[in-house]
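A look at the structure
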Amino acid sequence: MGDVRRRLPAVDSVLADPILAHDITHLGRAFVKRQVQKTLTQLRATPPQHPPTAVEVAEIVAGGLPPAPTSLRPVINATGVIIHTNLGRAPLSPAATQAMTVAAGATDVELDLETGQRGPRGVATVEAITQTVGLDVAAHVVNNGAGALMLACFALAGRGNVVISRGEMVEIGDGFRIPELMSATGVELREVGTTNRTHLRSYHNSMDNHTGFVIKVYPSNFTVEGFTTGVSVEHLRHNLNVPVVADIGSGLLRPHPRLPHEPDARTMLRQRASLVISSGDKLLGGPQAGLIIGDGDLIETLRRHPLARAVRVDKFTLAALEATLLGPPTPVSQALDTQVEDLWARAQRIATHVGGNITVHPSLAAVGGGGAPGVEL
Ligand SMILES: *Cc1c(COP(=O)(O)O)cnc(C)c1O
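In short, a report on the structure. Bear in mind that the values here come from a model prediction, so they are computed numbers and not experimental data.

1. Regarding the overall build of the protein chain
- Scanning the protein chain for helices and strands turns up 16 helices and 11 strands.
- Taken over the C-alpha atoms alone, the protein chain extends approximately 80 × 60 × 40 Å along its principal axes.
- Taking the contacts inside the protein chain whose residues are at least 6 apart along the sequence as the reference set, 74% of them involve residues at least 24 apart.
- Carbon and sulfur atoms provide 53% of the accessible area of the protein chain, an area that totals close to 20600 Å².
- Within the protein chain, the 34 negative side-chain charges are centred at a point lying 5 Å from the centre of the 33 positive side-chain charges.

In structure tokens form, the structure reads like this:
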């Protein structure tokens with residue numbers, strides 16, 4: 001065995017094999033070299049009977065090379081969780097993927113091609129958002145939902161305070177807690193009410209001249225049932241003299257018939273939320289992004305804050321988000337709208353292809369990605 005190990009071909013002789021020439025051009029020498037080294041390490045760990053030649057090793061390497069020099073691999077999401085956080089949340093639509101490819105080269109993201117002057121960044125994407133919402137509102141896009149919350153704290157509360165119900169002190173996942181993020185910006189978080197009940201007077205009593213805003217966080221990954229009371233956005237806005245920011249999490253811009261309890265931006269804004277914050281890559285079905293929608297003056301304050309630059313989105317996000325909103329239905333919305341009969345037929349076809357003793361059983365699916373808790377599909 002030790003003999004076989006010593007007689008494995010050298011890395012360079014494998015790399016020199018013509019079978020890898022095209023891959024080296026396409027994927028880069030450094031990437032292919034790493035794959036050769038990995039393959040040789042594997043052969044050393046479990047040596048074959050006869051030492052393979054350089055050509056044989058090159059063939060093994062060539063057979064395992066991916067289409068692009070990335071270690072991320074495409075997978076089939078057969079988990080029954082539509083928006084799977086560990087599988088990258090929402091898969092992009094082909095239209096959005098294509099838009100990202102267009103944006104990849106030099107592109108007119110900040111140039112007006114008519115005049116040759118510098119142009120405003122991201123206006124078309126913002127328009128796509130406000131048109132989808134269908135109200136006379138403004139919008140801004142940042143890196144993700146957490147970035148949107150952070151920017152709201154810095155820009156609207158600064159060294160002041162933000163009021164939040166104890167029933168809405170939410171941990172999203174992987175240890176990410178919304179109240180901790182907000183406190184980390186330096187604002188004082190004033191907790192009011194109890195886990196199950198918060199009343200208007202609790203909000204009222206804890207506010208002062210330094211209150212930047214009241215936040216409503218929609219618990220996106222659990223439900224509270226029984227003896228509960230909260231104060232609606234509408235009620236808060238009607239009775240309190242500060243902005244009300246609604247963090248709806250999952251990013252539905254309009255109501256979805258299959259998810260009647262899921263909050264959406266349009267409904268929140270019609271209830272006079274000052275700002276609505278949500279993610280781009282959950283139910284919206286787009287790229288990772290944080291959407292901030294609402295009052296024009298507040299949006300302008302956020303946009304002009306120095307830290308807005310630190311959570312600015314790149315051209316890929318702008319392109320993919322616009323295409324997600326204006327293009328055909330996203331994979332997430334297609335999955336949500338799939339009828340049971342169609343799923344059944346699909347499963348039967350797969351079973352037939354796999355062959356053998358395979359039978360199809362019904363099961364329940366979930367929306368996932370911290371959206372629509374308790375909804376069984
Ligand atoms: C997911 C979520 C966030 C965080 O959004 P990211 O885009 O993951 O940063 C914030 N608030 C709520 C309610 C969420 O569900």
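2. Section: the layout of surface pockets
- What the largest pocket holds in volume is close to 1400 Å³.
- Along the walls of the largest pocket sit 36 residues, with N77, A78, G80, L343 and R346 positioned nearest its centre.
- Going through the elements one at a time, β1 (81-83), α15 (331-337) and α16 (340-354) are the ones with two or more residues in the lining of the largest pocket.
- When residues of the lining of the largest pocket are assigned to their parent elements, the largest contribution, 6 residues, is made by α16.
- Classifying every residue of the lining of the largest pocket gives 23 nonpolar, 10 polar and 3 charged.
- In this model, the second largest pocket occupies a volume close to 680 Å³.
- What lines the second largest pocket is a set of 30 residues, among which Y218, P219, F222, T223 and V224 lie closest to the centre.
- Classifying every residue of the lining of the second largest pocket by side-chain character gives 13 nonpolar, 13 polar and 4 charged.

3. Details of helix α6 (residues 94-104)
- Every buried residue of α6 is accounted for by A96, A99 and A103. Seen from one end, α6 has its buried residues packed into an arc of 55°, which puts them on one side. Turned more than 90 degrees away from the buried face of α6, the exposed residues are P94, Q98 and T101.

4. Describing the nonpolar core
- I129, Y203, L253, V276, L291, I293 and L321 are the most contacted members of the largest nonpolar core, which has 31 residues in total.
- Elements with a contribution of two residues or more to this core: α7 (123-133), β2 (138-142), α11 (233-239), β8 (244-249), α12 (265-270), β10 (290-294) and α14 (315-326).
- Once residues within four sequence positions are removed from consideration, I293 is found in contact with I129, V133, V137, A138, A139, L253, A265, L269, S274, L275, V276 and I299.
- Judged by nonpolar contacts, the second largest core, of 30 residues, contains L151, L275, I299 and A308.

5. Re the site of the ligand
- Around the ligand, the surrounding shell holds 13 residues, and the nearest of these are A146, S220, D247, S279 and K282.
- Measuring from an oxygen atom of the ligand, one finds a side-chain N or O atom of R89 at 2.8 Å.
- Between S279 and the ligand, the recorded distance is 2.7 Å, taken from a side-chain N or O atom to an oxygen atom.
- Bound to the protein, the ligand loses 95% of the 380 Å² it would expose on its own.
- Contributing elements (two or more residues each) for the shell around the ligand: α8 (145-157) and β8.
- When grouped by side-chain class, the residues that make up the shell around the ligand number 5 nonpolar, 5 polar and 3 charged.

6. Some details on the side chain of H84
- Tracing the backbone shows H84 in the loop between β1 and α6.
- Excluding anything up to four places from it in sequence, H84 contacts N77, T79 and R89.

7. Some points on the packing of α8 against helix α13 (residues 296-304)
- For the pair α8 and α13, interaxial distance at closest approach is 9 Å and the crossing angle is 100°. The angle between α8 and α13 places the two elements in the roughly perpendicular class. Counted together, L151, A152, A155 and L156 of α8 and L298, T301 and L302 of α13 form the full contact between these two elements.

8. A short note on the pattern of salt bridges
- Applying the stated criterion across every chain, the model contains 12 salt bridges.
- The shortest N-O distance in the salt bridge between E110 and R118 comes to 2.6 Å.
- A salt bridge links E300 to R304, with the nearest nitrogen and oxygen atoms 2.9 Å apart. Of this pair, E300 and R304 both sit in helix α13, 4 residues apart, which is roughly one turn of that helix.
- E300 gets classed as partly exposed once you look at its relative accessible area, which sits at 27%.

The rules behind these values
- Residues numbered from 1 in each chain as written.
- Predicted model: local features only at pLDDT ≥ 70, side-chain atom pairs only at ≥ 80, totals over all residues.
- Heavy atoms only, no water.
- Helix = DSSP H or I, 4+ residues; strand = E, 2+ residues; numbered from the N terminus.
- Contact = heavy atoms within 4.5 Å.
- Areas by Shrake-Rupley, 256 points an atom, 1.4 Å probe, with all protein chains shown as cover.
- Lys, Arg positive; Asp, Glu negative; His and termini not counted.
- Charge placed at Lys NZ, Arg CZ, Asp CG, Glu CD.
- 1 Å grid on protein atoms, 1.4 Å probe; cavity = no way out; pocket = protein on both sides within 12 Å on 5 of 7 lines; lining within 4 Å.
- Points joined across faces, edges and corners; volume = space filled by probe spheres on them.
- Nonpolar A, V, L, I, M, F, W, Y, C, P; charged D, E, K, R; others polar.
- Buried < 20%, exposed > 50% of the residue type's maximum accessible area, 1.4 Å probe, protein only.
- Arc of directions from axis to C-beta.
- Core = buried A, V, L, I, M, F, W, Y, C linked by side-chain atoms within 4.5 Å.
- Near = heavy atom within 4 Å.
- Polar contact = N/O pair within 3.5 Å; in protein donor to acceptor, adjacent residues only side chain to side chain.
- Axes fitted to C-alpha atoms, helices over the stretch in contact; angles between N-to-C directions.
- Parallel < 35°, antiparallel > 145°, perpendicular 65-115°, else oblique.
- Salt bridge = Lys/Arg side-chain N within 4 Å of Asp/Glu carboxyl O.

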